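Survey of secondary and tertiary structure
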Amino acid sequence: MGYTKGVLAEAYQAAFKSADIRGVYPTEINEELAYRTARAFVTHYKYKKVLVARDMRHSSPSLHEAFVAGVRAQGADAVDLGLVATPAMYFASGKYKLPGVMITASHNPKQYNGLKLVEPQGVPLTDKTGLKEIEKLVVANEFKPVKKKGKLQILPILGDYKTYLKSFGVFDSIRPLSVVVDAGNGMGSVVAPILTDALPVDCTPLFFELDGSFPNRGSNPTLAKNQRPIIKEIKSRKADIGIAFDGDADRVAFFDERGRYVNSAVIGALIADHLLKVYPKETYIYTNFTSRAYQEAIEAGGGRAVRARIGHAFIKRLMREKDARFACEHSAHFYFKSNYYTDSGIITVLRVLEILAAGVRAGDTFSDLVKPFNRYFQTEEILVPVKNKKTAIAAVQAAFKAKPIKTDTFDGLFMSYKDVWFTVKQSVTEDALKFVVESASKKRAQEVQKKIHTILKKQQ
């Protein structure tokens with residue numbers, strides 16, 4: 001089916017974020033935007049071949065078709081990876097040294113979609129490294145005609161991806177475990193069988209049917225409202241561990257044998273502690289939103305903890321710059337140097353299962369393994385739309401001006417006191433402010449959370 005030229009989305013400006021192109025379909029992102037973005041991507045970088053992949057959202061097939069048409073219209077070959085998880089596209093970009101796009105809105109609700117653009121080796125674009133130029137070309141819509149239309153190549157990669165995952169070499173060490181895997185009707189259902197077919201695990205699948213309407217739970221597995229089904233199943237099955245993916249499977253959340261959600265930074269600390277035994281003096285990346293427990297684990301293991309701006313694009317670029325071994329975000333993104341410095345839910349699962357299997361052999365449960373790192377209570381991330389972001393952040397700072405131990409404005413407002421610390425920052429993917437609070441005391445963290453939330457709501 002050919003692409004028919006249309007009209008640019010009415011509010012397309014809102015789709016161009018600092019780290020990707022993402023918005024509500026079709027008012028902020030539509031087929032015309034995808035088509036022009038493809039032409040701009042090829043034009044700006046003079047690419048000859050581009051990978052194109054998509055998730056299962058209802059708008060993804062038409063956006064995929066438009067992007068392929070745009071690549072070919074500008075004279076480049078489109079390499080169609082089809083329906084895959086985002087980390088599989090990163091793998092293909094790294095393996096074949098090609099630029100690419102993943103059509104997905106990741107963890108966002110069903111009405112959203114987006115374009116994750118990467119340079120060869122999975123290096124993401126940001127507003128500092130090409131996205132602004134792409135937007136200018138999209139708006140101008142004055143592309144030079146080409147003599148010959150690009151070709152379309154179909155490239156199935158799941159076989160190669162399975163081989164790649166097995167190269168991480170942890171399969172033989174994993175012992176029989178009872179695992180509940182919640183794919184949330186997303187791309188986790190495509191990649192999870194790659195592991196369950198090869199590992200000695202008793203897997204209970206939840207919501208493995210692809211459905212972009214997310215009929216069973218929301219796409220973000222770190223939110224409490226989306227965790228009820230997996231918690232119930234873990235308890236029912238008396239499983240050793242629970243695993244839940246987001247829509248495109250670049251995020252992954254973990255639950256212990258009692259169905260309790262484990263903070264992503266605690267998982268990061270568990271993995272860092274494991275890696276630090278082999279790579280003790282290397283660099284490990286954290287952010288303002290990552291629990292202090294993760295940073296403390298890095299330093300205790302002899303590693304160097306370096307702070308990054310929140311967002312996958314910024315973390316990946318800093319990892320390359322610092323040659324970092326590993327990075328962790330509160331949002332359940334985990335990044336590995338050995339994976340082209342990109343994030344992968346499925347590789348994170350491999351590492352955690354390897355650690356858990358060793359623990360089970362020693363008589364430990366998953367909760368036993370994470371307990372040493374579970375020292376703080378961190379509130380759930382809250383997103384608050386406000387009229388003026390700078391004014392709203394200033395209001396929070398004014399309310400908490402009484403003698404903080406530390407205040408800085410690296411990637412938002414960070415304020416630390418003896419018994420509590422918090423960050424308020426602009427969202428990378430949405431027009432709002434978001435914040436988290438952490439303390440050794442749950443009561444204290446919730447008190448500060450309530451106060452900040454009240455201040456921000458007054459700024460709406």
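So, here's what we can say about the structure.

Cut-off values and rules
- Along each chain, residues carry numbers from 1 onward, in the same order as the chain's sequence is written.
- Local features in this predicted model are restricted to residues whose pLDDT is 70 or higher, and side-chain atom pairs enter the listing and the counts only when it is 80 or higher, whereas totals over whole chains, interfaces and linings include all residues.
- Each side-chain value is derived from all of the structure's non-hydrogen atoms; neither hydrogens nor water enter the calculation.
- Runs of E in the DSSP output that reach at least two residues are strands. Runs of H or I that reach at least four are helices, and both are numbered from the N terminus.
- For the exposure calls, accessible area comes from a 1.4 Å probe over protein chains only, and a residue counts as buried if that area is under 20% of its type's maximum, exposed if over 50%, partly exposed in between.
- Identification of polar contacts relies on pairs of N or O atoms within 3.5 Å, with a donor-acceptor requirement for protein atoms, meaning one able to donate a hydrogen and the other able to accept it, and with residues adjacent in sequence counted only if both atoms are side-chain atoms.
- Being paired, for any two strands, means DSSP has found at least two bridges between them.
- Whether two residues are in contact is decided by their heavy atoms: any pair within 4.5 Å suffices.
- Helix axes are fitted to C-alpha atoms over the stretch in contact, other axes to C-alpha atoms as well, and angles between N-to-C directions run from 0 to 180 degrees.
- Buried Ala, Val, Leu, Ile, Met, Phe, Trp, Tyr and Cys residues that are joined via side-chain atoms within 4.5 Å together make up what is termed a nonpolar core.
- Salt-bridge detection follows one rule: a side-chain nitrogen of Lys or Arg within 4 Å of a carboxyl oxygen of Asp or Glu.
- Oblique is the label for any angle not covered by the other classes, which are roughly parallel (under 35 degrees), roughly antiparallel (over 145) and roughly perpendicular (65 to 115).
- In this count, Pro and Cys sit with the nonpolar residues alongside Ala, Val, Leu, Ile, Met, Phe, Trp and Tyr, while Asp, Glu, Lys and Arg are called charged and the others, Gly among them, polar.
- Cavity means a closed set of points on a 1 Å grid over the protein atoms alone, one where a 1.4 Å probe fits but cannot get out, pocket means an open set with protein on both sides within 12 Å along at least 5 of 7 lines, and lining means a residue has an atom within 4 Å of a point.
- Grid points are joined across faces, edges and corners, and a volume is the space filled by probe spheres set on the points.
- Two helices that cross are described as forming a left-handed crossing if the nearer one is turned anticlockwise from the farther one by less than a right angle, and a right-handed crossing if clockwise.

The residue after Tyr25, namely Pro26, is reached through a cis peptide bond having omega 0°. Turning to its location among the elements, Pro26 is positioned in the loop between strand S1 (21–24) and helix H1 (31–45). Phi is positive for Asn185, which is not a glycine, with a value near 65°. In this structure, Asn185 sits in the loop between strand S8 (177–182) and helix H6 (188–196). Unusually for a residue other than glycine, Asp411 sits at a positive phi of about 55°.

This part takes up the side chain of Thr290. By secondary structure assignment, the location of Thr290 is in the loop between strand S13 (283–286) and helix H9 (292–300). Assessed through its relative accessible area of 6%, Thr290 is described here as buried. Engagement of the side chain of Thr290 in a polar contact is seen with the side chain of Thr287, the distance being 3.0 Å. Separated by 3.4 Å, the side chain of Thr290 and the backbone oxygen of Cys328 make a polar contact.

The strand order across the open sheet formed by five strands is S14-S13-S15-S16-S17, and the pairing between neighbours is mixed. The open sheet terminates on both sides in strands that have one partner only, identified here as strand S14 (304–307) and strand S17 (342–343). As judged from the two bridges shared by strand S16 (residues 334–336) and S17, these two strands associate in the antiparallel manner. Counted as the bridge partner of Tyr335 is Asp343 from S17. Contacts from helix H8 (residues 264–276) reach S13, strand S15 (326–328) and S16, with the element oriented near 165° to S15. Across the sheet, H9 is in contact with S13, S14 and S15; its angle to S13 comes to roughly 170°.

Okay, the nonpolar core next. Leu81, Phe254, Phe326 and Phe366 are the most contacted members of the largest nonpolar core, which has 73 residues in total. Among the elements that make up this core, the one with the highest residue count is H8 (nine residues). The contacts of Phe254, once residues within four sequence positions are left out, are Ile241, Gly242, Ile243, Arg260, Tyr261, Val262, Ile267, Phe334, Thr348, Val349, Val352 and Phe366.

Glancing now at the pattern of salt bridges. When the charged atoms of two side chains lie near each other, side chains of opposite charge can form a pair. Applying the stated criterion across every chain, the model contains 22 salt bridges. Residue Glu32 pairs with Arg36 through a salt bridge whose shortest N-O separation is 2.8 Å. Separated by four residues within a single helix, Glu32 and Arg36 lie in helix H1, roughly one turn from each other. With a shortest N-O distance of 3.0 Å, Arg325 and Glu282 are connected by a salt bridge. Here Arg325, found in the loop between helix H10 (312–322) and S15, pairs with Glu282, found in the loop between H8 and S13; they are 43 residues apart in sequence, far enough to count as distant. Here Arg325 falls in the buried class, since its relative accessible area comes to 13%.

What follows is about the packing of H8 against H9. One way to put it is that H8 packs onto H9 with a least axis distance of 8 Å and a crossing angle of 10°. As far as their axial angle goes, H9 and H8 are roughly parallel. Facing Ala265, Gly268, Ala269, Ala272 and Leu276 of H8, the residues of H9 in contact are Ala293, Tyr294, Ala297 and Ile298. Each residue belonging to the contact of H8 with H9 can be placed in one class, and the counts come to eight nonpolar, one polar and no charged.

Glancing now at empty space enclosed by the protein. The full count for this structure, using the stated rule, is three cavities of 30 Å³ or more. Every residue lining the largest cavity is listed: Val179, Val181, Ala192, Leu195, Thr196, Leu199, Val201, Ile243, Phe245, Ile346, Val349 and Leu353. Of all elements in the fold, only S8, H6, strand S10 (241–245) and helix H11 (345–361) reach the threshold of two or more residues within the lining of the largest cavity. Residues of the lining of the largest cavity, tallied by class, amount to 11 nonpolar, one polar and no charged.

Our next topic: the packing of H1 against helix H4 (residues 131–140). Contact pair H1 / H4: the axes reach a minimum separation of 8 Å and the direction vectors enclose 120°. The pairing of H1 with H4 is recorded here as oblique in orientation. Along this stretch, H1 crosses H4, giving a crossing that reads as right-handed. Between H1 and H4, the residues in contact are Leu33, Arg36, Thr37, Ala40, Phe41, His44 and Tyr45 and Glu133, Ile134, Leu137, Val138 and Val139, respectively. The class makeup of the residues in the contact of H1 with H4 is eight nonpolar, two polar and two charged.

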